Amino acid sequence: MADLDLIDIEKHFGTNWVIRKLNLRISQGEFVVLLGPSGCGKTTTLRAIAGLEEIDSGEIRIDGKRVESLPPSERDIAFVFQLYSLYPHLTAFENIAFPLRALRISNREVREKVTSVAKVLRIEHLLNKRPSALAGGDMQRVTIGRALVRRPKAILMDEPIGALDAKLREEMRVELRRLHIENKSTTIYVTHDQVEAMSMGDRIAIMNEGVLQQVGSPTEVYSWPANLFVAQFVGSPIMNVQNCQLEASDGMTKVRLDGMETPFQFGGELYGRVAAAGHVDIALGVRPEAILVELAQRPAYVPGEVRIIEPQGAYDILDIRIGQAVVRARTRSRFVTRLQEPVWVQLDEARTHFFDKKSGLALTSQK
Amino acid sequence: MANLTLKNLCKSFGDVVAVRNLSLNIHEGEFFVLLGPTGAGKTTSLRCIAGLEKPDSGEIWIGENLVNEWSAANRDVALVFQQYSLYPNYTVRKNLEFPLRSRLRRLPGKEIGPRVEKAAEALRIAHLLDRRTDKLSGGEMQRVAIGRAIVREPRLFLMDEPLSNVDAKLRELLRSELRGLQLKLGATLVFVTHDQVEAMTMGDRIGVLNHGELIQVGTPYEVYNSPQNTFVASFVGAPAINLFDATLDGDKLVVTPQKFELGLEAATRARLNQIVCGRKNVRVGVRPEHVNLVSNGGLAGTLYGAEDHGVEMILSISVADHLIRATLPATTRIPVNAPVQIAFAQDNLHFFDPQTTKNLVAT
């Protein structure tokens, strides 16, 4: 397994930029997720690393060695596609052994290597079956087994579990992560699903329109998003983003959403950091769990009205109208049971974000 | 708006039974969700209600009318599909006007404009009225498709996975918009989906279907907290409920002797004694949010995997040869392979019959 360096990678089709000045270092044994909406450049990046796509400029280094001009077969990288792409006429064993057959190694050695991979993947009992007799998750494991058996320098995966149903996906997330922990294979994983990214990656690299937006651990990108795009792409339900006006008063900062009479009270430091620094159009961002809801009035809480209750089973999401704004808050299940119920709301200051609306950049002091 | 009643609806395609003896009462002004996996019979049921499919037997009542023999057009129901099915060369306005100009309705010309504008307003597409529909984004197109259903002011709305083609973020937005709109209009709405989150968040009640059979009807709370059987228990809720087979042995439940034994609290033992009726074997269900970490006296396991979801951590803990999912605060930090001890909130344990899979409390 190896380090991987992407340095100033650029790629365009005609006047369309697919990747712009991408810089990313992936350390040996790391699991990095490329996350973004369709068309953000994540799959093109992955294909460029594999050698399936040429880049216009920049360097790709594997263990310090430049590989841009090497064909895919000489890069020693394994690629797992979304489709199962197994040979239907071969058994699971032969499918996994396939990449070894070209290496002219002894049958005994092939058997050893396949069995050891199968053991890790817990598919030893399925080795004699053909793909058509396997369940979706098992097929995926065979596909991954085929990638692992050569002990490649890195494994690249492109939405490998996107086609599975929700429950199986939940299981496969745990298994893929576990597999990584046991194998320590350098892994780059492409997905548009933020839940997959959050739950599997050591680090997440979020892309949009060919531009890398932020790289960080799941906690970092969730708790300290660098900009509005990341803030709203990561997390579900999505982060509330609202226009807001700030006003300094008595050493405090008054924060108003549109149409709000009683303001939220924040520390005085906020005004200096945000409004006094010349930012005019400011957006407030707050995740549903950082909105505190009470049924009775409390100091520093502002009135709101429950518009919709969305039960999620383990908890509820409430749509609460505050002034002209509607925000979504997370409460325990059945905390509010009637629509139009008046509630009292406060924002957890430590988990409230401010963004410059023009640039989209976070104006937060943390980190 | 009308109520809808299905009585013993049956529909087969050749040897395949798509809908088996479906009986349902959907109230006026209700948001009713038909939830189930692929092949559960939910779309076939919806198509029977719409008049696009003829049931083999059974009755369909819309309001006071038995509509089995009525054509789709005469039933006065509006359908919204996953595909937008808009006229691409027409403006949004033309698309919205279209159903009102149908010969069946013969609405006077001067009533058409206000109705279209009202619907556009409600869906926040008023600014798009003069744009061609092929110039719209996916979310806007789906809003127009819903608008086309609204302008008709039908007796019933039928929607078949209308949100599954839009991206996750927009889907979330459209979910609460659609629910808000339905509440505002007081519309009777039957909504088909395979996505349990959609069902839970939007429905007044949910009907869970599997293999053509209606398994349970209830509010989201009922379906989640009192599932009728293990199918409903594991289909609804994410991460999925933990299920394992156990044998009742005095004051403990034995899953794997020595390794996975659950000491029962007095109240739980009393509850279990009431429902097992002399049975020894039960299937135990516990939702991930009811699994806690304890410092001693718990069930010993090791941490198999940890998922950081930002808002919370989801741990997979291996106990004997079982994997138990636990939802814990976001601040939980435990290294993989570390020993842990867990305890279940026993008031929230579910017990199922291992043979019939039925919830032993509900029966």
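Please read all numbers here as calculations on a predicted model, not as lab measurements.

A. Spatial organisation of the overall build of chain B. Regarding its fold elements, chain B presents nine helices and 20 strands. Seen through its principal axes, chain B has C-alpha atoms that stretch 80 × 45 × 35 Å. Within chain B, the fraction of its 363 residues that count as buried is 42%. The contacts of chain B with a sequence gap of at least 6 include a subset with a gap of at least 24, amounting to 66%.

B. Structural context of the interface of chain B and chain A. Taken together, the 28 residues of chain B in the interface contact 31 residues of chain A. For the side of chain B that touches chain A, the secondary-structure elements that each account for two or more residues are helix H5 (168–185), helix H6 (196–202), helix H7 (220–225) and strand E16 (299–308) of chain B. By residue number, the principal contributor to the side of chain B that touches chain A is H5(B), which donates five residues. Class assignment of the residues belonging to the side of chain B that touches chain A gives a composition of eleven nonpolar, nine polar and eight charged.

C. Region of interest: the sheet that holds strand E12 (residues 252–257) of chain A. All names here are of chain A. Taken together, the five strands give an open sheet; going across it, the order is E13-E12-E11-E14-E20, and neighbouring strands pair in antiparallel fashion. Looking at strand neighbours, the two that pair on one side only are strand E13 (264–267) and strand E20 (352–356), the edges of this open sheet. With direction set aside, neighbouring strand axes in the sheet form an average angle of 40°. As judged from the six bridges shared by strand E11 (residues 240–249) and E12, these two strands associate in the antiparallel manner. In the sheet register, Glu-247 faces E12, and the bridge partner there is Lys-254.

D. Fine view of unusual backbone geometry. Following A:Ser236, the chain continues into A:Pro237 via a peptide bond in cis, with omega recorded as -5°. The omega torsion across B:Ala238 and B:Pro239 is -5°, close enough to zero to call that bond cis. Mapped onto the secondary structure, B:Pro239 falls in the loop between helix H8 (230–235) and strand E11 (242–249). Phi is positive for A:Gln340, which is not a glycine, with a value near 65°.

E. Representation of the environment of A:Thr331 in the model. Residue and element names in this part refer to chain A. Mapped onto the secondary structure, Thr-331 falls in strand E18 (residues 325–332). On the basis of neighbour count, Thr-331 is assigned to the buried category, with 22 C-beta atoms found within 10 Å. For Thr-331 and Val-343, which are twelve residues apart along the polypeptide, the C-alpha to C-alpha distance reads 12 Å. Setting aside its immediate chain neighbours within four residues, Thr-331 contacts Val-293, Tyr-315, Asp-316, Leu-318 and Val-336.

F. Structural context of the nonpolar core. Core analysis: the largest hydrophobic core is formed by 105 residues, its most contacted members being A:Val33, A:Ile96, A:Leu156, A:Ile188 and A:Ala205. Three or more residues apiece are contributed to this core by two domains, here domain 1 (4–226) and domain 2 (240–356) of chain A. Dropping the residues within four chain positions of it, A:Leu156 is found in contact with A:Leu46, A:Ile49, A:Ala50, A:Ile77, A:Phe79 and A:Ile188. Grouped together as the second largest cluster of nonpolar side chains are 93 residues, B:Val33, B:Leu34, B:Tyr84 and B:Phe352 included.

G. Quick peek at the domain arrangement of chain B. With domains assigned, chain B is organised as domain 1 (4–229) and domain 2 (242–352). Centre-to-centre, using C-alpha coordinates, domain 1 of chain B lies 40 Å away from domain 2 of chain B.

The rules behind the values
- Residues numbered from 1 in each chain as written.
- Chains lettered and ligands numbered in written order.
- Predicted model: local features only at pLDDT ≥ 70, side-chain atom pairs only at ≥ 80, totals over all residues.
- Helix = DSSP H or I, 4+ residues; strand = E, 2+ residues; numbered from the N terminus.
- Buried ≥ 20, exposed ≤ 12 C-beta atoms within 10 Å, placed from the backbone.
- Contact = placed C-beta atoms within 7 Å.
- Nonpolar A, V, L, I, M, F, W, Y, C, P; charged D, E, K, R; others polar.
- Pairing = 2+ DSSP bridges.
- Axes fitted to C-alpha atoms, helices over the stretch in contact; angles between N-to-C directions.
- Core = buried A, V, L, I, M, F, W, Y, C linked by C-beta atoms within 7 Å.
- Domains from an automatic or database assignment.

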